[in-house]
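Each chain is listed here by its residues.
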Amino acid sequence: MSEDTSLSSVANDRLVIGKTIRSLRKKSGLTLQQVADELERAVSYVSGIENGKRDVKVAELHTFARLFGVDVDSMLKPEALDSRAGLEVEWERIQNGPLYSQLGLPRLAARKTLSDDALTALIGLHAELENMHRRRAATPEEARRANTALRARMRNQGNYFAELEQLARDLHRAIGHEQGPLSQRLAAELAQQLGFTLHYVGDLPPMTRSVTDAKYMRIFLPRQAGNDPRTVLLQALAAHALGVAEITHYEDFLWHRVRINYLAGALLIDETSAVDFLAKAKDQRQLAVEDLRDHYAVTYETAAHRFTNLATQHLDIPVHFLKANSAGTVYKAYENDGVLFPSDPLGAVEGQTVCRKWSARQVFKEEDRLTPFHQYTDKPNGTYWCTSKIESTPTGTFSLSVGTPFDHVKWFRGRETTRRGASSCPDEGCCRLAPVELSHKWEGKVRSQAMMNTALLAAMPRNATPGVDEGDLLDFLEQHEPR
Ligand SMILES: [Zn+2]
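Residues numbered from 1 in each chain as written. Predicted model: local features only at pLDDT ≥ 70, side-chain atom pairs only at ≥ 80, totals over all residues.

1. Some details on the overall build of the protein chain
Turning to step 1, where the next piece is worked out: Helix and strand counts for the protein chain come out as 21 helices and nine strands.
Turning to step 2, where the next piece is worked out: Looking at the protein chain as a whole, 31% of its 483 residues qualify as buried.
Turning to step 3, where the next piece is worked out: For the protein chain, the proportion of contacts with a sequence separation of at least 24, taken over those separated by at least 6, is 62%. (Helix = DSSP H or I, 4+ residues; strand = E, 2+ residues; numbered from the N terminus. Buried ≥ 20, exposed ≤ 12 C-beta atoms within 10 Å, placed from the backbone. Contact = placed C-beta atoms within 7 Å.)

Right, dumping it as structure tokens:
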């Protein structure tokens, strides 16, 4: 239950006791007057207790118990209420709760004329209303707030997690891996070391990347696992190594996923050798994300992500990272270099549109997708240098950009680029308004249907894996249950 209801729980306890006393009194055939006489109180005093408006003193409880021929403990148990009294208490609780109060409806006393069926129906409707509110609270708005909070958290620690680096080192040690690229064979050995067998199947439930069965210690992986099959396996192992997370809010879910991805990245690119590798490149003023990618045989996205983990902590370079599709929609964003990402009024960046003049958009115009793309962009709060790369994944084609403020570009290969842009976004006049003559030409004659961005619409389901149907998942495990 929410905190709001606990505020009224004292009143509810009083009501439960009061109702219990009333029902026991009626069972024993005593009148209010008789009980009042026993307590040496007025009738109104006793009815105040029965209506939950007055606290019962311990001595009085004992008197009631004696009068009704029961013991005090049994009077304090909620089961002591008969079903009618239970309905009345529940209805009272509902009317004291925050949801009912917000509706501005009149209070409805549970008089005798209100039938049990009517009370049951009211309580049932309220429960469903509460449910709908809970589900609605977990929709895009909460997701966007959670993303914003998460990005602030990551910015504060420079996207570096010392304890996960340590955990990656421990796991490497367990398979005798010191440093350098992690082969497919070693990744499989890590699975074995952790007690898992691997199963490649063609029928993974929709929207899942892998399924871990902790009952029989099996990991199910897709037969075709995207650009780097190690990533999917290492994410499953990372999730296992990190243990079950307490997930009650969308932010917990995102935080857990960030940690899983981080650990998987740290397993693919170990900190010690990567810092060595990057420090040398910095000395030679030849820092390049693609070198990290090639050295560790990982995807560009993994390399870029890992670069942001280590750049500030070990190289004193503030950076930003951006993953966007060809329409400029942001899928992932990180910065600790002050770059201004597009954002909505809640501060959410995911789902927003990147300035057309940024390299994240400009790179899509290039026919040559092998040569690294570099660009200086004058932005409202300074000049940034960015390098962007287009990568196709099973879920689409994205541009992946890593950038840094002008003062730090001297360490990077590609700083000599002559490509320059200027952006005044979020100023509308920058790139959002179409040229006047084109607007006139097409005015009122254009329709298009936007594709849904499912990740942003995903509500927080009960099983804590947004987008995955729990029924599908359990069916899958049933079908693969060993005989
Ligand atoms: Zn712009």
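Still more to cover.
2. Let's talk about the packing of helix 12 (residues 184–193) against helix 13 (residues 229–242)
Turning to step 1, where the next piece is worked out: Running from amino to carboxyl end, helix 12 crosses helix 13 at an angle of 20°, the nearest separation of the two axes being 10 Å. In terms of orientation, helix 12 lies roughly parallel with respect to helix 13. For helix 12 against helix 13, the interelement crossing comes out left-handed. Contact with helix 12, carried on its side by Gln 184, Ala 187, Leu 190 and Ala 191, involves Pro 229, Arg 230, Leu 233, Leu 234 and Leu 237 of helix 13 and no other residues of that element.
Turning to step 2, where the next piece is worked out: The residue makeup of the contact of helix 12 with helix 13, split by class, is seven nonpolar, one polar and one charged. (Axes fitted to C-alpha atoms, helices over the stretch in contact; angles between N-to-C directions. Parallel < 35°, antiparallel > 145°, perpendicular 65-115°, else oblique. Left-handed = near helix turned anticlockwise from the far one by under 90°. Nonpolar A, V, L, I, M, F, W, Y, C, P; charged D, E, K, R; others polar.)

3. Some remarks on the confidence of the model for the protein chain
Turning to step 1, where the next piece is worked out: In this model, the protein chain carries an average pLDDT of 85, and 89% of its residues clear a pLDDT of 70 or more.
Turning to step 2, where the next piece is worked out: Per-element confidence in the protein chain is highest for helix 15 (residues 271–283), whose mean pLDDT is 97, and lowest for helix 1 (residues 3–7), whose mean pLDDT is 35.
Turning to step 3, where the next piece is worked out: Scored below 50 in pLDDT, residues 1–8 makes six contacts in the model with residues more than four places away or belonging to other chains. (pLDDT = per-residue confidence, 0-100.)

4. A word on the nonpolar core
Turning to step 1, where the next piece is worked out: Core analysis: the largest hydrophobic core is formed by 69 residues, its most contacted members being Leu 263 and Leu 267.
Turning to step 2, where the next piece is worked out: In terms of residues, this core owes the most to one element, helix 14 (residues 250–268), which gives seven residues.
Turning to step 3, where the next piece is worked out: Sequence-distant contacts of Leu 267, defined by excluding residues within four places in its chain, comprise Ala 168, Leu 171, Leu 182, Leu 234 and Ala 238. (Core = buried A, V, L, I, M, F, W, Y, C linked by C-beta atoms within 7 Å.)

5. Quick look at the sheet that holds strand 3 (residues 218–222)
Turning to step 1, where the next piece is worked out: Read across the open sheet, the three strands follow the order 1-3-2; overall the sheet is mixed. Of all strands in the sheet, those with a lone pairing partner are strand 1 (197–201) and strand 2 (211–213), marking the two edges. Strand-to-strand twist of the sheet, defined as the mean angle between neighbouring strand axes without regard to direction, takes the value 25°.
Turning to step 2, where the next piece is worked out: Here helix 13 sits on the sheet and contacts strand 2 and strand 3; the angle it forms with strand 3, its principal contact strand, is near 150°. (Pairing = 2+ DSSP bridges.)

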